[in-house]
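Inside the fold
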Amino acid sequence: MDSLPARHRPTANDTVNADVFGAGDRVAVLLPRPLTIAYDYHVPEGLHLCAGDIVRVPLGPSAMSGVVWGPGSGDVDAAKLRDVTARHDCPPLPDVLRRFIEWVSGYTLADAGAVLRLAMSMPEAFEAAAPTTAVALAPVLPDIRLTPARTRVLEVAAGPPRSASELARQAGCTPAVVAGLVKQGALVRVSMAITGPPPPNTVRPGVILADDQTTAAKELIERVRAEEFSVTLLDGVPGAGKTEVYFEAVSQAVETGRQVLVLLPEIALSAQWLARFRQRFGVDPVVWHSELSRGQRRSAWRWIAEGSAKVVVGARSALWLPFPDLGLIIVDEEHDASFKQEDGVIYNARDMAVVRARLGGFAAVLVSATPSLETVANVGRGRYLRLELKARHGGATLPDIKVIDLKAAPPPRGHWLSPALLDALAETFDAGDQAMLFLNRRGYAPLTLCRTCGHRFQCPSCSAWLVEHRLAGRLQCHHCGHRTRLPDTCPECETKDSLAACGPGVERLAEEAAALFPDRRTLVATSDTVAGPKAAADLVSRIEQREIDLLIGTQIVAKGYHFPHLTLVGVVDADLGLSGGDLRAAERTYQLLYQVAGRAGRAERPGRVMLQTYMPEHPVMAALASGDRDAFLAAEELAREVACMPPHGRLVALIVSGKEEALVDTAARELGRAAPRVEGVSVWGPAPAPMALLRGRHRRRLLMRTLRDIQPQRLVREWIRRARLPKKVRVQVDVDPYSFF
């Protein structure tokens, strides 16, 4: 027991009273592990610490890095405390970030240490990087034989020092040429400190804004200048120039010396956004997402912590970066489901971005053409300001949307494109324009079965059918990643050539389109084929250069792309997202289809959208066809209000999971018996989750609904504490669940 540190629960006061601690003091250190408490340590001679310092401490027989959270509790004999080993050579975690970690922990019911781990994802950055070795032109050039390659190297080397590989790349030669010049003394090796990224050039002029854009930009600029908490919804139709408007707010924040964070739902696929930023500010922003190398992430984390990164664009994980002087957060496509973290610490980055802005006392901007009902409700309650851009920029018009009733005009048997959509595709190609087919289903077919015995190929670890990827010759689970070769015979009855693909995926659409339009160049875009920034940039380039006539894609093609020659969008299965009984099914389907429709006609030529559906009378289809978005949102909000569902009520989901199904059922029943019996609170379940088996774990769900004025966190804590749960069962808490899989 002597090897274990004393324990201390972190509180907000610890972070506010950021004392300096010297030799002999005790400090509470929060570790990035699933712990609700901080551990007490002793400050040794020669070390001075402050709250927020990242330190190295012993833990049992090993050591790990943690954060000084404040003074120790004093409950344990000082003689039993272990010493802090060292303080890392990096800036401390800012006070606002530490308070944010505590707030998120309390709201989501996640352990404080687990939340801290999100902010300590780059331990390599805790120590300053060693200077790199560069090469520069020698003060006195020796008498050497010059070749064209050597001459180019020496001309480039006349500039600032740079790495040997960079010098060779800029001179258009091999690294061996540079190495040879170093050996002969024409180039010398120098030590070069790693510098931060160049700041955005806010003096560069942006695009000329229309009157409504100018009005919106001025309002955002004033909110940044105020340096106080506010939330603004920038609500504009697709192609209205929302990005250019909030770039003005970015410019204002940078001019006043503050840092800016822009959250995008799919940063790895946002090649066009990055190009627009570069055009506006003359440099690239600092980027943060999972596709970066460890070295790139290390540099980015360090630049952000030191304050030299002025604008950061990233996925939801960028919310946890250690900004010392954050002055503006922008959440682009704020409605997007990608902002919800479903594993580990479960949170919605959009909502937590607003919280971080409130704690830091600065402006947050939410941007969308289809704002979420939660955001719309906050506008209605007067919490958020709404700025509207109702027209497309540069004279472009919104596309005409037509609903195709597949009951009245179905495709031929074995095909998926209706006659009306085929005619529209032919007309578009004849006019020299580009078209897009949208189907939110990867692969060739969502289900493969045996015609002889009816056997269906199911994932062994999930309650999901295996999706056929014919081009890769495999069956794959899109939930756990399980893969198997596409067999020639049925594994159940061993009949050969009896397997049938059921339903279409994008690969099957591409096959049909190739047969119908053999002279047209087709490209399939999914997360399988567009993996990372380089592939996304190549996709954008090929479409902009008109190397592609027909783009066939899933939801990744719906997010913000601007293709000026794309004038037709065909949605193959508009009903796909409406099944399953999801609370947000209609809202999310409308948002997705509206965003997809927004890809058409974004330049001079008008666009049109064709929605294939078996439910033309559905409110989603009617709203899209009529263009009356606000009436649809009002009807959805009224239905939620009647049912006391978000945003007019609160939901908390409990997901019980484990390897042994019997234990999971026992735990779920125990939770059901221990459920709170409080007025204004309803509990449903336990029931099998729609995905009852996921990655080899059996899953059951319980759902608690409360009135909007009831804070559910205390009720849930007491609920779980009352239940006697088996140790091999895990209970995850999802406050404000977004999906119900």
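Let me sum up the structure you'll find in this document. This structure is a prediction, so every number in the text was calculated from the model and none was measured. (Residues numbered from 1 in each chain as written. Predicted model: local features only at pLDDT ≥ 70, side-chain atom pairs only at ≥ 80, totals over all residues. Heavy atoms only, no water.)

**A look at the sheet that holds strand 23 (residues 467-469)**
The 3 strands are arranged 23-24-25 in an open sheet whose pairing can be described as antiparallel. In this open sheet, the two edge strands, each paired with only one partner strand, are strand 23 and strand 25 (483-485). Averaged over all pairs of adjacent strands, the angle between strand axes in this sheet comes to 30°, irrespective of strand direction. Pairing between strand 24 (residues 474-476) and strand 25: 3 bridges, direction antiparallel. Note that in strand 25 the partner of Leu-475 across the bridge is Thr-484. (Pairing = 2+ DSSP bridges. Helix = DSSP H or I, 4+ residues; strand = E, 2+ residues; numbered from the N terminus. Axes fitted to C-alpha atoms, helices over the stretch in contact; angles between N-to-C directions.)

**What about the pattern of salt bridges?**
Following the criterion strictly, the structure yields 35 salt bridges and no others. Here Arg-169 makes a salt bridge to Glu-166, at a shortest N to O gap of 2.7 Å. Placement of both Arg-169 and Glu-166 in helix 5 (residues 164-171) is noted, with a separation of 3 residues, approximately one turn of the helix. In this structure, Lys-407 and Asp-405 form a salt bridge, with 3.4 Å as the shortest nitrogen-oxygen distance. Each of Asp-235, Arg-386, Arg-629 and Asp-630 takes part in a single network of salt bridges with overlapping partners. (Salt bridge = Lys/Arg side-chain N within 4 Å of Asp/Glu carboxyl O.)

**As for the side chain of Arg-258**
The residue Arg-258 is located in the loop between helix 8 (242-255) and strand 12 (259-263) in this model. When sequence neighbours within four positions are dropped, the list of residues in contact with Arg-258 reads Glu-227, Ala-253, Lys-310, Asp-325, Leu-326, Gly-327 and Phe-362. (Contact = heavy atoms within 4.5 Å.)

**Concerning the sheet that holds strand 13 (residues 286-288)**
What the 7 strands build is an open sheet, ordered 13-14-12-15-18-11-19; its pairing is parallel. On the outer flanks of this sheet lie strand 13 and strand 19 (385-389), each paired with one strand and no other. Within this sheet the neighbouring strands show an average axis-to-axis angle of 20°, counted without direction.

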